[in-house]
Amino acid sequence: MMSKNKGVLIVISGPSGAGKGTICKKLIEKNKNIYLSVSATTRSPREGEIDGVNYYFLTKEEFERKVKENGFIEYAEVHGNFYGTPRVNVNKMLEEGKDVILEIDIQGALQVKENFKEGVFIFILPPSMEELKRRIIKRGSETEESLMTRFKNAYKEINYVSKYNYAVVNDTLELAVSKVEAIIAAEKCRVDRIKDNTILESKEGLIHEQLYD
Ligand code: ADP
Ligand code: 5GP
């Protein structure tokens, strides 16, 4: 029996409005093997957001209880609200060979980096700061105050791109999505991710033998 390779853990960060959510949505629509982790948050739902689909919307007390129970892989305060990645599911999905995407902020990503050395860290950049502002305004989800917080934070956040493995500029959506897909595809080919038995037991094992005998 061929045992499966573990899934790839992909962490996606970038300033608010860069297009992380839009890119992730496209990725999961196109790739059935990708699981997008649903985070918990103490922020209020935006119009159209559904509890358990976009986020698990928790009260501050519920969130704190989950922190005490060690229920999050990582958590952080972002733009004045708490956000966390529930521990359940992520490990299970990876073991089953599914690729798991965490769309989380930089503080959270740095925590994940400590515990999941084999994670792939992708930073999404806007084509320009003017375009970033236009996109946050276009989304129409923020109050004037929240818009300014997010925009000011963006300047600081962009400095952290060097902590990531890959930077993808989201100029044309389709191009950005295909770049992320290419990164995932390349990561799956890395020899240190492939179990020896999957190489040897597959038909392509013949090629492996030709290469190494
Ligand atoms: P984030 O999740 O990074 O905060 P969103 O995915 O919510 O950002 O995108 C912010 C806004 O920008 C949305 O209105 C979205 O439709 C738009 N958007 C995303 N990607 C692009 C793109 N490549 N070109 C133009 N608009 C985009
Ligand atoms: P939004 O309120 O726009 O949905 O998200 C705000 C920020 O919180 C984004 O930068 C997003 O990546 C981040 N975020 C969403 N979920 C999590 C999470 O589980 N953990 C952390 N650390 N950040 C998160």
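Residues numbered from 1 in each chain as written. Chains lettered and ligands numbered in written order. Predicted model: local features only at pLDDT ≥ 70, side-chain atom pairs only at ≥ 80, totals over all residues. Heavy atoms only, no water.

Participant: Quick rundown of the overall build of the protein chain? Include the residues and the values.
Facilitator: Secondary structure assignment for the protein chain yields nine helices and nine strands. The C-alpha radius of gyration computed for the protein chain amounts to 19 Å, which stays within 12% of the reference 17 Å derived for 213 residues, consistent with globular compactness. Taking the principal axes of the C-alpha coordinates as reference, the protein chain spans close to 65 × 40 × 30 Å. The 213 residues of the protein chain split such that 41% are buried. Here the protein chain has roughly 12,400 Å² of accessible surface; of this, 53% comes from carbon and sulfur atoms. (Helix = DSSP H or I, 4+ residues; strand = E, 2+ residues; numbered from the N terminus. Rg over C-alpha atoms; globule rule 2.2 N^0.38 Å. Buried < 20%, exposed > 50% of the residue type's maximum accessible area, 1.4 Å probe, protein only. Areas by Shrake-Rupley, 256 points an atom, 1.4 Å probe, with all protein chains shown as cover.)

Participant: Now, about the site of ligand 1: what can you tell me, with residues and values included?
Facilitator: Near ligand 1 you find 15 residues, and of these Gly17, Lys20, Thr22, Arg139 and Asn170 are the closest. Between ligand 1 and the protein, one listed contact pairs an oxygen atom with a backbone N or O atom of Lys20 at 2.8 Å. (Near = heavy atom within 4 Å. Polar contact = N/O pair within 3.5 Å; in protein donor to acceptor, adjacent residues only side chain to side chain.)

Participant: Go over the packing of aromatic side chains with me, naming the residues and quoting the values.
Facilitator: Overall, the coordinates contain nine aromatic pairs when judged by the stated rule. Relative to Tyr75, the ring of Phe63 has its centre 6.2 Å away and its plane inclined at 70 degrees; by these criteria the two rings are edge-to-face. Here Phe63, found in helix α2 (residues 60-68), pairs with Tyr75, found in strand β5 (residues 72-78); they are 12 residues apart in sequence, far enough to count as distant. Look at Phe63 and you get buried, because its relative accessible area is 2%. (Phe/Tyr/Trp six-rings, centres within 6.5 Å; stacked < 30°, edge-to-face > 60°.)

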